[in-house]
Amino acid sequence: MSYDGSGFHGWAIQPGLRTVAEVLTQALGRALALPSAPPPLTVAGRTDAGVHARGQVAHADVPSDAWAAAAPTVVRRLARLLPPDVRVRAVAPVPDGFDARFSALWRRYSYRVCDDPAAADPLRRNDTLWYPRPVDVAPMNQAGLGCVGEHDFAAFCRRREGAGTVRDLLHLSWARTEPGVLVATVTADAFCHNMVRALVGGMLAVGEGRRPPAWLAQVLAARVRDPAVTVAAPHGLCLEEVRYPPPAALADRARATRRLRPAPAS
């Protein structure tokens, strides 16, 4: 599914607030003509308020007879029921053992920045951070290399009760996609709260020359939040893709992911 996060208070249902999960759950219940409350959704990545998605994945347990009756037209039904800032691209049954969150191998995010006032496109203001100073991509990429691999990312995460902060960062790089615009690509097995936005904020400080490239890895090694790391605004962030293993490996992947990982040795 895809959504423009500008008008949502994030993914998760919150009383009295418009969220993606609330809108989608209600639409799904109507599309399947469910007689009772619609089923809860489990999502691959719980995006924050203002964060967008182009390749989000979610699952729900629904009655087999309701699915059989609605399956041929469910995507069209959802298109009629959903507001224009949410679109479901495909709906299909999944193998036993599939879990949208825990079966995932990795998630890929992008973060879009414009650092040239003359290149700032008002039509992209909802998905692009307008940065007030020019940045150099080369030292930012050098800094990112020091964070790739399995680490405790506590320095770049907002702690949540019962949640670990060890993650395997598979890829982190920046590229200029057009004059005045640069885009980060960030891929990991999973992300903790605010992790991508904090990494982006730290790398922008490197890019404008306020910090050396080695600084980001030093912050990571300290495993504590550093007030010098600014968490970048949410609207530049987009969940682009979630990748899963073959069907036979889905349940094993979910079991492995649920295990709390110890912090790697320093």
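For the structure, check the block above.
Keep in mind that this is a model prediction, so the values were computed, not measured.

### Brief notes about the overall build of the chain
- Within the chain one finds 7 helices and 11 strands.
- In terms of overall size, the chain behaves like a compact globule, its C-alpha atoms giving a radius of gyration of 20 Å where 266 residues would be expected to give roughly 18 Å.
- Projected onto its principal axes, the C-alpha positions of the chain cover 60 × 45 × 35 Å.
- The buried share of the chain, taken over its 266 residues, is 45%.

### Some points on the side chain of His193
- Checked against the element boundaries, His193 lands in the loop between strand 10 (181-188) and helix 5 (195-207).
- If we ignore the near neighbours within four places in the chain, the residues touching His193 are Asp48, Phe156, Cys157, Arg158 and Arg160.

### As for the environment of Val23
- Topologically, Val23 is positioned in helix 1 (residues 20-31).
- Distance in space between the C-alpha atoms of Val23 and Phe8 is 9.6 Å, their sequence separation being 15 residues.
- Beyond its immediate stretch of four places on either side in the chain, Val23 contacts Phe8, Arg18, Leu82 and Pro83.

### Description of the nonpolar core
- Among the nonpolar cores identified, the biggest contains 71 residues, and Trp11, Tyr111, Phe153, Phe156, Leu169, Trp174 and Leu204 are the most heavily contacted of them.
- In terms of residues, this core owes the most to one element, helix 5, which gives 9 residues.
- If sequence neighbours within four positions are ignored, Phe153 has contacts with Cys147, Thr165, Arg167, Leu169, Cys192, Met195 and Leu220.

Conventions and cut-offs
- Residues numbered from 1 in each chain as written.
- Predicted model: local features only at pLDDT ≥ 70, side-chain atom pairs only at ≥ 80, totals over all residues.
- Heavy atoms only, no water.
- Helix = DSSP H or I, 4+ residues; strand = E, 2+ residues; numbered from the N terminus.
- Rg over C-alpha atoms; globule rule 2.2 N^0.38 Å.
- Buried < 20%, exposed > 50% of the residue type's maximum accessible area, 1.4 Å probe, protein only.
- Contact = heavy atoms within 4.5 Å.
- Core = buried A, V, L, I, M, F, W, Y, C linked by side-chain atoms within 4.5 Å.

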